[in-house]
Amino acid sequence: QVQLVESGGGLVQAGGSLRLSCAASERTFSSYNMGWFRQAPGKEREFVARINWSGTVKSYSESVKGRFTISRDNAKNTVYLQMNSLKPEETAVYYCATQRATGASFDYWGQGTQVTVSS
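Not measured: the values here are computed from a predicted model.

(A) Structural context of the overall build of the protein. Counting its regular elements, the protein contains zero helices and 10 strands. For the protein, the C-alpha radius of gyration of 13 Å lies close to 14 Å, the compact-globule estimate for 119 residues. Referenced to the eigenvectors of the C-alpha coordinate spread, the extents of the protein come out at roughly 40 × 25 × 25 Å. Taking all 119 residues of the protein together, the buried fraction comes to 45%. The contacts of the protein with a sequence gap of at least 6 include a subset with a gap of at least 24, amounting to 54%. Looking at the protein as shown, the accessible area adds up to about 6,100 Å², and 48% of this sits on carbon and sulfur atoms.

(B) Molecular detail of the layout of surface pockets. Size it by volume and the largest pocket reaches roughly 170 Å³. A per-class count over the lining of the largest pocket returns two nonpolar, three polar and eight charged.

(C) Broad picture of the packing of aromatic side chains. As enumerated under the stated definition, the model contains three aromatic pairs in all. Ring geometry for F37 against F47: centres 5.8 Å apart, planes inclined by 75°, an arrangement best described as edge-to-face. Of this pair, F37 sits in strand β4 (residues 33–39) while F47 sits in strand β5 (residues 46–51), placing them 10 residues apart in sequence. Judged by relative accessible area, F47 falls into the partly exposed class, the value being 28%. Between the aromatic rings of F37 and F106, the centroid separation amounts to 4.9 Å while the plane-to-plane angle is 75°, which identifies the pairing as edge-to-face. Here F37 is found in strand β4, whereas its partner F106 is found in the loop between β9 (92–99) and β10 (113–118), with 69 residues between them in sequence. When sorted by exposure, F37 lands in the same class as F106, which is buried. These aromatic residues form a ring-pair network of at least three members: F37, F47, F106 and W109.

(D) Broad picture of the sheet that holds strand β8 (residues 78–83). Ordered in space as β1-β3-β8-β7, the four strands form an open sheet in which the pairing is antiparallel. Both outer strands of the open sheet, β1 (4–7) and β7 (68–73), are each paired with one neighbouring strand and no more. When the angles between neighbouring strand axes are averaged without regard to direction, this sheet yields 15°. Relative to β8, strand β3 (residues 18–24) is paired through six bridges, and the arrangement is antiparallel. In the sheet register, C22 faces β8, and the bridge partner there is V79.

About the cut-offs
Residues numbered from 1 in each chain as written. Predicted model: local features only at pLDDT ≥ 70, side-chain atom pairs only at ≥ 80, totals over all residues. Heavy atoms only, no water. Helix = DSSP H or I, 4+ residues; strand = E, 2+ residues; numbered from the N terminus. Rg over C-alpha atoms; globule rule 2.2 N^0.38 Å. Buried < 20%, exposed > 50% of the residue type's maximum accessible area, 1.4 Å probe, protein only. Contact = heavy atoms within 4.5 Å. Areas by Shrake-Rupley, 256 points an atom, 1.4 Å probe, with all protein chains shown as cover. 1 Å grid on protein atoms, 1.4 Å probe; cavity = no way out; pocket = protein on both sides within 12 Å on 5 of 7 lines; lining within 4 Å. Points joined across faces, edges and corners; volume = space filled by probe spheres on them. Nonpolar A, V, L, I, M, F, W, Y, C, P; charged D, E, K, R; others polar. Phe/Tyr/Trp six-rings, centres within 6.5 Å; stacked < 30°, edge-to-face > 60°. Pairing = 2+ DSSP bridges. Axes fitted to C-alpha atoms, helices over the stretch in contact; angles between N-to-C directions.

Here's what the structure looks like:
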């Protein structure tokens, strides 16, 4: 079973930046697509970004496009989410997850890291 550990969350002012990291426990991480999701209080979990296993294909939700960047370092079994120009409404718990085949559901999830954006 893949274990994922997110880090890098915290409190930031509106317009600020944070970089989230998600470290995986297995070397097979390099063969998995990875995603970032977030869940705000009282809301459904929503997709934020996805990166394929090689890092060559990336996709983003419309709300973060141009401000967030997903990347990965397979040598470190880690995926990142660089978040710029953060907004208060983006306060949420951010999760990373594995997608072990294109088109499959995201199956392994981390415990999440809290991001709080103050106005």
